[in-house]
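Residue-level structural notes
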Amino acid sequence: MGNIRETQFRLDSQRRELIDIDSETDQIIDLLVYLTPDKAEALRPTVRNLLTDRRQLLEKLQAAYNRYFKDLQNLEIAEQQLVSKAEAYADFLDTHLVWIRSSSTLSLSDLQNSLTVLQKLVYPARWRRTLSDVERSFKTSPGPWALGLLITVMLLAGRRWARREIARTAELVNHHRQDSISLTLRVLALTVYLAIGFPFLMLLVAWQLLQLPGINDFTRSVATGLMTAAGMLIGLRFFYHVCRRNGLAHVHFRWHEAIRKALRRNLIWFTPIEILTAFLVFTMTAVREIAFGDSMAKLALIVQLIALTAFFGSILRFSGGIVTTLLRQSPTGWLARLRHIWWTVAVGLPLVLAALVASGYFLSAVHLRIYLGLTIALVLGLTVLNSLALRWLTIARQRLARREALRKRKAKQAADRSAAIADEDRIQLPAEPEIGLVEIGEQTQTLLRTVMFVLDTIGLWAIWEPVFPAFGILDDIHLWSYSGVVDGVATQIPISMANLIMAVVVVIVTVIASRNLPGLLEITIL
């Protein structure tokens, strides 16, 4: 539109120059010096007519540009209205789409259909076609396949060596003079190495199949299921190896033995259920050539959610290692005080999602399950990051302790130099204190907890932000109303479920902030 404005100004300037046609004609005739005066004068009528035509054309062109500019303005207004309407519809869908049934409610027929689907799923002809697609993919892209298989062999062949290195590093960590954060980072890398072997092979097969043109529907669905299951397997295997003997949790992070064993023991049975059901859910959701695939997907998702509830119930039971250690270390902390609330949320949320699946909200439950999985990954990732930070701080305090011991030795040497020279070899070093995590300064721990809380809040917001509009439906649930004046008019103002939930959240945050205000001010000032 700026270019149109510039053109309009130029046209208007040219039209203004032609307001006095006679004057402009005289100027042109005067420029014809190479003609005799009679011939130049004979051209005057022609020049005048041309200038008149030019002025008329400029006026018409200017009018056309004015219409064009107005049409663009109207088009822009219409486009803005369309965008506004589209945003309104998008908000409406975000609010209500989650609460729209995507399948039938769970019934006995779903179990019968699942048995039929299982028979079709294991039908050999389907898997022969999938193997044929794998062979065709290998012939089409032999380079990526060869490189991927070579990496897979390297990841699987060195597993025994990685376990030995983790055990050897644990011995170095137990010798405080040789301990350093680099040892922990080395074991972290070895843990990742142990976790990605088989998942990498799954990702390789799935990725290569999805890149192959013309694959059949069943192969594409299997590749989609493999891709999702491999991503979950990486996270579960990583945390399983974190909790292994002589591993990060055992030697480096110094987690309570009951916590480490409980996590490792429960991951052994939980991992195969999680991976198998995830593969079935996403494979059956994507497949189109097998009828009633959604029945098996619903049952698989319900089994997965029940297993998740059992997993949380086992590791978070009040007599278990996690809660017992929490109560022992911080009996008056908020995690300890609110343990009944977060235990109910952790154990009950998967059951709520399972109820959504049974009620017909299958796709909504799938998306919420993905967000829940990302939340669990965030919490576990921040737990490892927090342990790494505490480990670094512990090593730093140990180094300070050794420097202090060396300073005391030098002071003793200076005070009794003659005896030191005579018998220097028999000087006993002060004992090196072994500093544990509980001895790290309270101020540093408070600052670290604050940083972890901020990171956790940002991460949770980023994960669950797409779901927030769906809770806008709570504004439509009116609990009661009160009389008020709006714009000078008496009216009934409703109190919705969203208002009540927000009020409860504000009260909880206010109580927590008021009780922790001195510590917050100290952190801010320091």
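Everything below is about the structure shown above.
Below is a short write-up of the structure.

What counts, and where the lines are drawn
- Residues numbered from 1 in each chain as written.
- Predicted model: local features only at pLDDT ≥ 70, side-chain atom pairs only at ≥ 80, totals over all residues.
- Heavy atoms only, no water.
- Axes fitted to C-alpha atoms, helices over the stretch in contact; angles between N-to-C directions.
- Helix = DSSP H or I, 4+ residues; strand = E, 2+ residues; numbered from the N terminus.
- Parallel < 35°, antiparallel > 145°, perpendicular 65-115°, else oblique.
- Contact = heavy atoms within 4.5 Å.
- Nonpolar A, V, L, I, M, F, W, Y, C, P; charged D, E, K, R; others polar.
- Buried < 20%, exposed > 50% of the residue type's maximum accessible area, 1.4 Å probe, protein only.
- Polar contact = N/O pair within 3.5 Å; in protein donor to acceptor, adjacent residues only side chain to side chain.
- Salt bridge = Lys/Arg side-chain N within 4 Å of Asp/Glu carboxyl O.

Some points on the packing of helix α6 (residues 124–140) against helix α7 (residues 142–157)
- At their nearest, the axes of α6 and α7 sit 5 Å apart, and the two run at 105° to each other. When the interaxial angle is binned, α6 and α7 end up roughly perpendicular. Residues Val134, Ser137, Phe138, Lys139 and Thr140 of α6 touch α7, and the partners they reach there are Pro142, Trp145 and Leu149.
- Within the contact of α6 with α7, the residues separate by chemical class into 5 nonpolar, 2 polar and 1 charged.

As for the environment of Arg317
- Relative to the helices and strands, Arg317 is located in the loop between α14 (293–315) and α15 (321–329).
- Residue Arg317 is classed as partly exposed on the basis of its relative accessible area, which comes to 35%.
- Dropping the residues within four chain positions of it, Arg317 is found in contact with Phe312, Val323 and Trp343.
- At a separation of 2.8 Å, a polar atom in the side chain of Arg317 contacts the main-chain carbonyl oxygen of Ser314.

Here we look at the pattern of salt bridges
- Taken as a whole and judged by the stated rule, the model has 9 salt bridges.
- Among the ionic pairs, Glu135 bridges to Lys139, the shortest N-O distance being 3.4 Å. Residue Glu135 and its partner Lys139 are both found in helix α6; the two are separated by 4 residues, about one turn of the helix.
- Note that Lys261 is salt-bridged to Glu257, the shortest N-O span being 3.9 Å. Highlighted residues: Lys261 and Glu257, both in helix α13 (residues 257–286), separated by 4 residues, approximately one helical turn.
- Here Lys261 falls in the partly exposed class, since its relative accessible area comes to 45%.
- Its relative accessible area of 28% is what places Glu257 among the partly exposed residues.

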